[in-house]
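# Coordinates in review
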Amino acid sequence: MGLRLNQKVTDCKSGCDPLVLTQRSKLQQRRAKLNQQINRELRLRTGAENLYRATTNQKVKETVSLELSFVNSNLQLLKEELEELNSSMEVYQTESEKVNVPMIPLGLKETKEIDMTIPLQDFISEHYGEDASLYMSEVKEFMDLRQAMRTPSRNDAGLELLMEYYNQLYFLDQRFFAPHRTLGVHFHWYDSLTGVPSCQRALAFEKGSVLFNIGALYTQIGARQDRSTLPGIQNAIDAFQRAAGAFLYLQENFSHAPSLDMSSPALSMLVRLMVAQVWKHLLEYKLYVYSLVLQAMSVPLLKDYVPFSWLSVVQVKTQHFRALAHYYTAAALYMIDKVNDCGSAVKALKLVHTRPPDTLCLQEPEDRLRLGKGHLRKAIIRHEEALRLHGVCKMLRKMDILQEVLSYAHTRSLEKYSDIDQEDDFCEIAEAPEIQSHTYQKPDIKTPDFSSVRVTDIFHRLGPLSLFCARNRWVGRRLCLVRGEAGLGLTLRGDSPVLVAGVLPEGCAAEAGLHEGDYIVAVNGSDCRWAEHAEVVHVLKGCSERGVELDVITLLTNEKRAASLSPSSDRETVTQQRQGGDSDRGSTSLLNWSWRSGGGGRVTKRLGSTFSLPFGSLRESESMY
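Residues numbered from 1 in each chain as written. Predicted model: local features only at pLDDT ≥ 70, side-chain atom pairs only at ≥ 80, totals over all residues. Heavy atoms only, no water.

The name recorded for the protein chain in an unreviewed UniProt entry is Rhophilin Rho GTPase binding protein 1, from Astyanax mexicanus. One UniProt comment on the protein chain, placed under Sequence similarities (unreviewed entry), says "Belongs to the RHPN family." (UniProt positions renumbered as here; feature names shortened; annotations may be inferred.)

If you want it as structure tokens, here you go:
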């Protein structure tokens, strides 16, 4: 007799082939190599500092001091090289021949390869009491998924891969990470900007780092869109909105992050940066949001952390978009005579200024001409400042496309000013007010939709997650149930697995050793942890005179309950969590992760205790036999 087992085989995803050297993969490989070199130099520096503090020999101190200066010099060079890589924005930009202002993308966080085979097998043997060798395929599937996640492709498939791994981490957390026990696995991740390594045993660190890479990958996808077309603009806006949502979700669900790139100030700055890049074509609003980004980058914690090229780009864009706002305001002033409703146009132009123009009446064509020249003059000044800031940064000077955009806008303003100046050489220039930052459109930050990628628990063969998880303890035993004249004397309820909701006193089930609250996990040696109610009932009804062999488990709620259970056969297995806690785990869990229900695909509520139902109160979902 065999019971049907609900099982779904998950296709194993694969990441990019690291041997295929595209420009982006070369950049990521150089970044990974630099991260390893920085990590080595940091270990050397730590050892030298410890030796310097421990020794009292003056000659040794001088030697160590010299070595420290050499190590610090190497570290500075490596960090400068890494900063130059992080400033390589041109690699991620669109390949279109049309001129686009470059966007700021983020590089992915790098992680070390880890082998979780032994820790997972040990936990399966000790906690679940199963033969770990039977789960080698599941362990390999999970390890292959993590390996693929390290090199996601820069497209929707790469995002789906990261989402799939992120959702699987929920199941891994429920299955293998007990509250008072550490799995002994260390997760190593490198800061995306400085390359400084961080190591933790908390699975929350792994989750947060993957979520950061989801946001970073969205920035790369957004930057490569051809924004000279309407679909390209829409795709870019969507990508940067989702990047902002990922960083905001990370900020709201993490505290005490071990690396600076995942700290609250850094994530707040990234959210503002993504929002600023969302509205590239809404110039009025851009004036405001880029000012906020500049303020966020200038806080003491981030001032020396953010790459200089990022700061320069934000400053250049702030001046560039202010110049464009003045240019288009001037153009609108000169076109009023051509519109039908001149009064409404004048009223609208008054609203775009931070203050009313001094001694000017916009109803008069001459005053409009004077104010337009004032706006063009301010546009030219802003364009020249943008070009100056562009020339200060070494990395920006290498970006020909940005130079082309800035020069074109500057030349256009100069030509417009020259044309108007030739029309009326005697027109006095008015002092133009600044442009008021305002828009009726608000940024729409899209939080990650984890349910969009449906996954099946890789380790689902261990049993339903509501019972068979790391937080539950249980005792298992085997018994033989023989049908009497009055039936089996028990009440069954639910499925996956079927619950013994009640036992008739002095009945066959009670004599066999069944208790109210037991779960039937096997019948005659056939696994029925995932079996439906009707399947188990059918087998029990069809048992022979010799009876039926049942494997049952009872959830433990306290030690007193465990002591009251006596073994009924030699095959009894007791699986429980370690008591007393692990003090070392508490010191390393620097991240406080708050998982939101419904955010990780299939989320099953955990049953924390056994059911206690009176035998006489039967419900429609229950059946007595």
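On to the overall build of the protein chain. What the protein chain contains, in helices and strands, is 19 helices and 10 strands. Split into buried and exposed, the 625 residues of the protein chain put 52% on the buried side. Carbon and sulfur atoms make up 50% of the accessible area of the protein chain, which amounts to about 29,500 Å² in all. (Helix = DSSP H or I, 4+ residues; strand = E, 2+ residues; numbered from the N terminus. Buried < 20%, exposed > 50% of the residue type's maximum accessible area, 1.4 Å probe, protein only. Areas by Shrake-Rupley, 256 points an atom, 1.4 Å probe, with all protein chains shown as cover.)

Applying the stated criterion across every chain yields a total of 21 salt bridges. For K109, the salt bridge is made with D261, and the minimal N-O distance between the two is 2.9 Å. Linking K109 in the loop between α2 (58-86) and α3 (117-127) with D261 in the loop between α7 (230-253) and α8 (264-278), this pair joins segments that are 152 residues apart in sequence. Judged on exposure class, the residue K109 and its partner D261 are both buried. With its nearest N and O atoms 3.7 Å apart, the salt bridge here joins K378 to E431. Residue K378 is found in helix α13 (residues 365-392), and its partner E431 is found in the loop between α15 (400-423) and β3 (474-481); the two are separated by 53 residues along the sequence. (Salt bridge = Lys/Arg side-chain N within 4 Å of Asp/Glu carboxyl O.)

By the burial criterion, the buried members of α3 are T117, P119, L120, Q121, F123, I124 and H127. Two residues or fewer past α3, G129 is found with a positive phi of approximately 65 degrees.

It is at 10 Å that the axes of helix α4 (residues 136-149) and helix α5 (residues 156-176) come closest, and there the two elements cross at 140 degrees. Judged by the inter-axis angle, α4 sits oblique to α5. As for the relative orientation of α4 and α5, their crossing is left-handed in sense. Here F142, L145, R146, A148 and M149 of α4 lie close against α5, whose contacting residues are L161, L162, E164, Y165, Q168, L169 and L172. Looking at side-chain class alone, the contact of α4 with α5 contains nine nonpolar, one polar and two charged residues. (Axes fitted to C-alpha atoms, helices over the stretch in contact; angles between N-to-C directions. Parallel < 35°, antiparallel > 145°, perpendicular 65-115°, else oblique. Left-handed = near helix turned anticlockwise from the far one by under 90°. Contact = heavy atoms within 4.5 Å. Nonpolar A, V, L, I, M, F, W, Y, C, P; charged D, E, K, R; others polar.)

Taken as a whole and assessed by the stated rule, the structure comprises 12 aromatic pairs. An angle of 35 degrees between the planes, with centres 5.7 Å apart, marks the rings of F142 and Y165 as tilted. Linking F142 in helix α4 with Y165 in helix α5, this pair joins segments that are 23 residues apart in sequence. A residue is classified by how much of its surface remains accessible, and Y165, at 0% relative accessible area, is buried. The structure contains a cluster of three or more aromatic residues connected by ring pairs, namely F123, Y128, F176, F459, F468 and W474. When the ring centre of Y52 is taken as origin, the NZ or CZ atom of K61, which lies over that ring, is 4.1 Å away. Lying across the ring of Y327, R412 places its NZ or CZ 4.3 Å from the centre. (Phe/Tyr/Trp six-rings, centres within 6.5 Å; stacked < 30°, edge-to-face > 60°. Lys NZ or Arg CZ within 6 Å of the ring centre and 35° of its normal.)

Two faces belong to every sheet, and in a regular strand the side chains alternate between them. Across four bridges, the pairing between strand β1 (residues 187-190) and strand β2 (residues 197-200) is antiparallel. Bridge pairing in β2 places H188 opposite C199. Hairpin connection, β1 to β2: the antiparallel pair is bridged by six residues, and G195 has positive phi, about 80 degrees. (Pairing = 2+ DSSP bridges.)

A few words now on the packing of α8 against helix α11 (residues 308-335). Remark: α8 packs on α11, axes separated minimally by 13 Å, with the N-to-C direction vectors making an angle of 40 degrees. In terms of axis orientation, α8 runs oblique to α11. In the crossing of α8 with α11, the sense of the turn from one axis to the other is left-handed. Here M269, L270, L273 and Q277 of α8 come into contact with α11, specifically with W310, V314 and K317. Here the residues of the contact of α8 with α11 sort into five nonpolar, one polar and one charged.

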